[in-house]
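Each chain, letter by letter, is given below.
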Amino acid sequence: KGGPVSALIDMKKKNTLLLVPVNDEEAYTIAELAERIGLQVHRSEQPHGARLENEPDILSLVRDSECDRIVVVEMPGPEIEEQIRALGKELIIIDHHRYTDLDRAHDSQGHRLPSSLEQFLKMFELSDKEIDELGYNPRMIRATGLWDAGYIWALIENGYTNKEIEQFEEHK
């Protein structure tokens, strides 16, 4: 690697704070990968149903982080999101769920969004080679996101063999 493009990506990573509730395998995997690539990570201890407004001192954390880019994973909170933007921060939402008061499962054209893990991998341009270099099995990492979005059916639909599905289920 090296060169101006990778230097720009490294600068963006150093300037990014990821907020993630580590309440399931997908979120835990995102947090692990984020730390391995050099992002600042705040691991929320909220259970399923995590909301930004329930995270203690979240605005202080964001303000004091000195990061210009805040990436929020599966912690909706439109009012707090607006307050983060008002602090002059770039806010990026990674989510693929529908909540009682909010649809984060579809894009603006109504297309179903991929899993949060798949969105994370795309956003930070993590290739299978890079995932492997970080010490993870790329097929199993991708299986984690697929499982979260569509359970076993998503794995089958994406060409996972019975053996791979069994391996995944043993380690998830």
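Residues numbered from 1 in each chain as written. Predicted model: local features only at pLDDT ≥ 70, side-chain atom pairs only at ≥ 80, totals over all residues. Heavy atoms only, no water.

The tally for this structure, following the rule as stated, stands at three aromatic pairs. Considering the side-chain rings of Trp147 and Tyr151, the 6.4 Å spacing of their centres and the 85° angle between planes classify their relative orientation as edge-to-face. Note that Trp147 and Tyr151 are positioned in helix 7 (residues 138-157) at a spacing of four residues, about one turn of the helix. Note on Trp147: relative accessible area 18%, which makes it buried. One aromatic cluster is present, formed by Trp147, Tyr151 and Phe168 through successive ring pairs. Looking at Arg139, its charged tip hangs above the ring of Tyr160, at a distance of 3.9 Å from the centre. (Phe/Tyr/Trp six-rings, centres within 6.5 Å; stacked < 30°, edge-to-face > 60°. Helix = DSSP H or I, 4+ residues; strand = E, 2+ residues; numbered from the N terminus. Buried < 20%, exposed > 50% of the residue type's maximum accessible area, 1.4 Å probe, protein only. Lys NZ or Arg CZ within 6 Å of the ring centre and 35° of its normal.)

What follows covers helix 8 (residues 162-171). Of the residues making up helix 8, those classed as buried are Glu164, Ile165 and Phe168. Here the buried residues of helix 8 occupy an arc of 100° about the axis, which is enough to place them on one side. Exposed and facing more than 90 degrees away from the buried side of helix 8 are Asn162, Lys163 and Glu170. Buried residues belonging to helix 8 abut helix 7. (Arc of directions from axis to C-beta. Contact = heavy atoms within 4.5 Å.)

Further remarks concern the sheet that holds strand 3 (residues 69-73). Note on sheets: strands pair through backbone hydrogen bonds, and any given pair is parallel or antiparallel. Reading across the sheet, the four strands line up as 2-1-3-4 and stay open at both edges, with parallel pairing between neighbours. Of all strands in the sheet, those bounded by a partner on one side alone are strand 2 (40-44) and strand 4 (90-94). Averaged over all pairs of adjacent strands, the angle between their axes in this sheet comes to 20°, without regard to strand direction. Across four bridges, strand 1 (residues 16-21) lies against strand 3 in parallel orientation. Its bridge partner being in strand 3, Leu18 is matched across the sheet by Val71. (Pairing = 2+ DSSP bridges. Axes fitted to C-alpha atoms, helices over the stretch in contact; angles between N-to-C directions.)

Interpretation in functional terms is not warranted from these geometric data alone.
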